[in-house]
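Secondary and tertiary structure notes
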Amino acid sequence: MPLCISCLDLQATSFPLVADPYMFKAGTKELSTTSTQLISTRDQGCESCHMILDAVHRCGRDVSDSCVEPWDIDSHYTVQLRVLDWDIWIIEATWDVKNELFYRRKPNIEIELYSESKESSLFKHLGTSKVIPPRLTPDNCADTFNAWISECRDHHECPKPEEAFLPKRVIDVREFTQYESVALLETINGQRGHYIALSHCWGSESFIQTTRATLQQRKTCIDWSDLPRTFQDTITFARRMKLQYIWIDSLCIIQDDKSDWETESAVMANIYSNAYITLAATGPAGNGCFFKRWTNPSMLNWGLKVPIHSHQLQSLQNPNLKFYARIRLDGTFNSFTAGVTISLLENSAPLLSRAWVFQERFLSPRVLYFHPSSLVWECRSALYLEPYSLEDFSTQRTESDIPMRLKKLFAKLDSPSTTLITEVHDLWLSFVAEYSRLRLTYETDRLPALSGVATRFQEFMSAKGFTDDEYLAGIWRSDLVRSLSWGRSEGVTRRFPKPCPPSWSWASIDRVSGDSMITFRHDHIYTGEGSRERDFVPDIRLQILGVSCELAGKNTFGHVNSGRLKLVAATVDAIIFYKQQTAHAMSFYVDPKTAPLKVVLLFQSDVDEDWVLVETEGIWKDVLLYAEGEAEFVNPGTVVKCLLVGRANDSSGVVNFAIVLKEAGEGNVGCYERIGLLVCEVEKLRALLDMRETEISIV
C-alpha cells in the first residue's frame, strides 16, 4: 500500500533531512504539509493525518483560549513534522492569521507527539514520555525525586548523599505529619544529619524572618500559619521524604545581626555543598512548590501562560490505543542555559535570574527545581526534566549551554592534583561573566553573593600550593593582570557611591537598568572556544608594585570599601570626546536621534604636536560618561591615559587590551580611576607604539 501523500504515514525513514541543520540536532528529519492536505487524506481514512489534526486542534485550543484575542484554530495552517530517530515527534503549526498577542505575527506553536510505551501505541516509532499531571503534588514529586536521586547515587560520579555536619541553625520539622508547627534548632558543634537547603525568591513583601528579638521565640515554636507557602511546601516535602532538617536563609541567619550575617555568609559554601538536596522554588516569592503547571509556547510573547494538558488522542481503528499530544515542554531546558535573556527568565522562572542563586546552584551537589512546566534535576553529572525520565539534557547543545558546562568544570575544583591552575583561572573569569548577568535587589551585595563560590576557589588554590594568593574585590592576585581587561556590555551602569570596590575591579559597577554583563574577550570557555590555546600575553613592561583592598567586615570575600593598585606600565595620553552613533552601528529599531553616544579617543600623532593629525578609537565605557550632572560625567576634551595590559587572540585577530584612566581627585591626588577598556587590533593603532613607561596608582 502506498504511503499517505500528506504525512507519509509518519514513516520517518521516508522524511527528508531538515533544510537548516544548524537549527536542529544532526540527523533531524522534517516533512512539510498543510491542514488542507491533512484533512483531505484524513477523510480518505489516514489514521496518522487524523492524529496530527486532532493534536493541533486540542493543543491549539489550549493556547488560543489563553490569549486575550483568541484566533480561529480551524482556519488554515501549515505544519512541519520533525523527528530524530525514535525521539518524541514535534508538530510545528503556524496559522495564516495575525494575532495581537504575537506582535501582529502569525500564531505558531510546537506540539509533542508521544506514547507512554512502545506497546501501548499504534505508532511503534513514536518516542516515549511520561504523562505529567496538570498539578504538581508532594506524592508525584516524591516519586520522581526518588528515581533521580537513586540514579545519581548508584550511577553518577557525584558526591554521595551522606550525612554531613549540620549548619549552625536548622529548622527542625519534628513530627512527620502535615500542618504541624516547626522550630529553629541551634545545633551542637559536630552534629551530623541529612538536611534540605531551600533556594527561593525573597520578593519585596515582608515575610517571617529571624531577628535578635525573635530568636528565642523561633527556637520554641514557629506556627504553621506564620510560614509563607514556599516554606510550608518545603516542610511538606521534607516530611514526605522523612528528612528532619531544613536550612532556610531568612530563618537560620539572624537578619539584623551584622556579625551573624557575615559569619554565616562566609560558610555558605559548606551549607550548600553539604546539603542532601537543595530545593529551588523558581517562581515568584510566595508562589510555593506545588502548583498548577503552565508553559509558554511562544518565542514572541513571553507573558503567555498556557495550562499544561496531556491530551489522549483518539484512534480511528482502536479507541483503547494510547498516544498523546501536549504543548512542547523540553524548552524548559532553555531556562537553565545562558541562551535566555534575564528579562525573559524573570517572567518564567525569576529565581534563575537572581545572583544569590548562582552560588547556590553551583555549590549544591544536587538541586531539585520546581519549574512551572516541569520538575528539573541538576547534579554535577546530569540535567533531567520530569517528562523525559533519565534523558540527560546536559549533553545537548553543550557549546551554548554555559551554566551546565561551567557546573561540570566546577567539579574539577575537587581534584587539585589533576587540575591546572590556569584552568581554574579561566573558569573564574567565566563564572564572573555568567554571574554578572544576574539580578540583585541590592547591587552592593555583588561580592557577598559570590563569596561561597570564591571560598571553593580559595580552597583549590591552597591545595595547589598558592597559599599566599589574595582575593582582591573579585579578582585573584595570581591572575591580576589578565583580570584587569574586563569590559561591560549593554545596559545602563554607574559607579557605586563610596565606600566601594576600586574602579579596576569588575565589582565596582552598579547596574541601573538593562541586561548589562561583564565580559572578557579572551575568555574562551565562556565563548564556547574552550579548545583554543590560552593565549593572553601580559605586556612585558607592566609590573605590579603593590595592591591592596580594605574590607568592610570580617568576610574576606564580602563587601570592599576601597582598593589601590600601584604599578609601572606603558601608557599614552589621549583626548576623550563623544559622537553620535551611526545607523549601521545600531540595531534596526533604535532612533539615531536618541541613541547612546559613542565614546571616542583622539591620540596625538607622532608627526604633529598640536593634535592636528590624530587617530581615533572607540572604547568600551564602564559607565555613562557623557551624562551631564552625573558624578561619572567626563567633559569632552579631557585628557585620559591608556595603560596597556596585554594582548590576546580575538575573533578579529590579535588585539591589544588597554584600560582607560582619568584623574581621580577627591582626596586621591595623583591617583587615577578606570573609566573604560580600549580593545584594538595590534596593527591598527600606531599611537600605542609611542607609549612610555609610567608609575601610576589606580583607585
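Here is what the cut-offs are and how they apply
Residues numbered from 1 in each chain as written. Predicted model: local features only at pLDDT ≥ 70, side-chain atom pairs only at ≥ 80, totals over all residues. Heavy atoms only, no water. Helix = DSSP H or I, 4+ residues; strand = E, 2+ residues; numbered from the N terminus. Buried < 20%, exposed > 50% of the residue type's maximum accessible area, 1.4 Å probe, protein only. Contact = heavy atoms within 4.5 Å. Phe/Tyr/Trp six-rings, centres within 6.5 Å; stacked < 30°, edge-to-face > 60°. Expected span 1.5 Å × (residues − 1). Salt bridge = Lys/Arg side-chain N within 4 Å of Asp/Glu carboxyl O. Axes fitted to C-alpha atoms, helices over the stretch in contact; angles between N-to-C directions. Parallel < 35°, antiparallel > 145°, perpendicular 65-115°, else oblique. Nonpolar A, V, L, I, M, F, W, Y, C, P; charged D, E, K, R; others polar.

Let us look at the environment of Val79. In this structure, Val79 sits in strand S2 (residues 77–83). The exposure class assigned to Val79 is buried, which follows from its relative accessible area of 0%. Sequence separation between Val79 and Thr34 is 45 residues; the distance between their C-alpha atoms is 5.4 Å. Excluding its chain neighbours within four sequence positions, the residues that come into contact with Val79 are Leu31, Ser32, Thr33, Thr34, Leu38, Ile91 and Glu92.

For the rest of this paragraph, the subject is the packing of aromatic side chains. Scanning all chains against the criterion turns up 30 aromatic pairs. Here Trp261 and Trp356 contribute two aromatic rings whose centre-to-centre distance is 6.0 Å and whose plane-to-plane angle is 90 degrees, an arrangement assigned as edge-to-face. Taken together, the residues span a long stretch of sequence, with Trp261 in helix H7 (residues 258–266) and Trp356 in helix H10 (residues 355–363) at a distance of 95 residues. What makes Trp261 partly exposed here is its relative accessible area of 23%. Under the relative-accessibility criterion, Trp356 is labelled partly exposed at 23%. Consider the rings of Phe362 and Phe410, whose centres lie 6.2 Å apart with planes at 75 degrees: the pair is edge-to-face. Pair noted here: Phe362 is in helix H10 and Phe410 is in helix H11 (residues 402–410), with a separation of 48 residues, a long-range link.

Glancing now at helix H3 (residues 138–155). For H3, built from 18 residues, the straight-helix expectation of 26 Å at 1.5 Å per residue is met to within 8% by its first-to-last C-alpha distance of 25 Å. All of the buried residues in H3 are Asn140, Cys141, Ala142, Thr144, Phe145, Trp148, Ile149 and Cys152. Tucked into the core, H3 has its buried residues touching helix H5 (229–240), strand S11 (277–281), strand S16 (366–371), strand S17 (374–379) and strand S18 (383–385).

Okay, the pattern of salt bridges next. Applying the stated criterion to the full structure yields 35 salt bridges. Put simply, Arg482 and Asp426 hold a salt bridge, and the shortest N to O gap is 2.9 Å. In this pair, Arg482 sits in helix H14 (residues 480–483) while Asp426 sits in helix H12 (residues 421–435), placing the two residues 56 residues apart along the sequence. The residues Arg482 and Asp426 share a single accessibility class, namely buried. By sharing partners, the salt bridges in this structure join Glu30, Arg82, Glu92, Glu110 and Arg328 into a single network.

Now for the packing of H12 against helix H13 (residues 451–463). Across the interface, H12 lies against H13 with an axial gap of 11 Å and an inter-helix angle of 170 degrees. What the angle tells us is that H12 and H13 run roughly antiparallel. Residues Ile421, Val424, His425, Leu427, Trp428 and Phe431 of H12 form the contact with H13, whose own contacting residues are Val453, Ala454, Phe457, Phe460 and Met461. Class assignment of the residues belonging to the contact of H12 with H13 gives a composition of 10 nonpolar, 1 polar and no charged.

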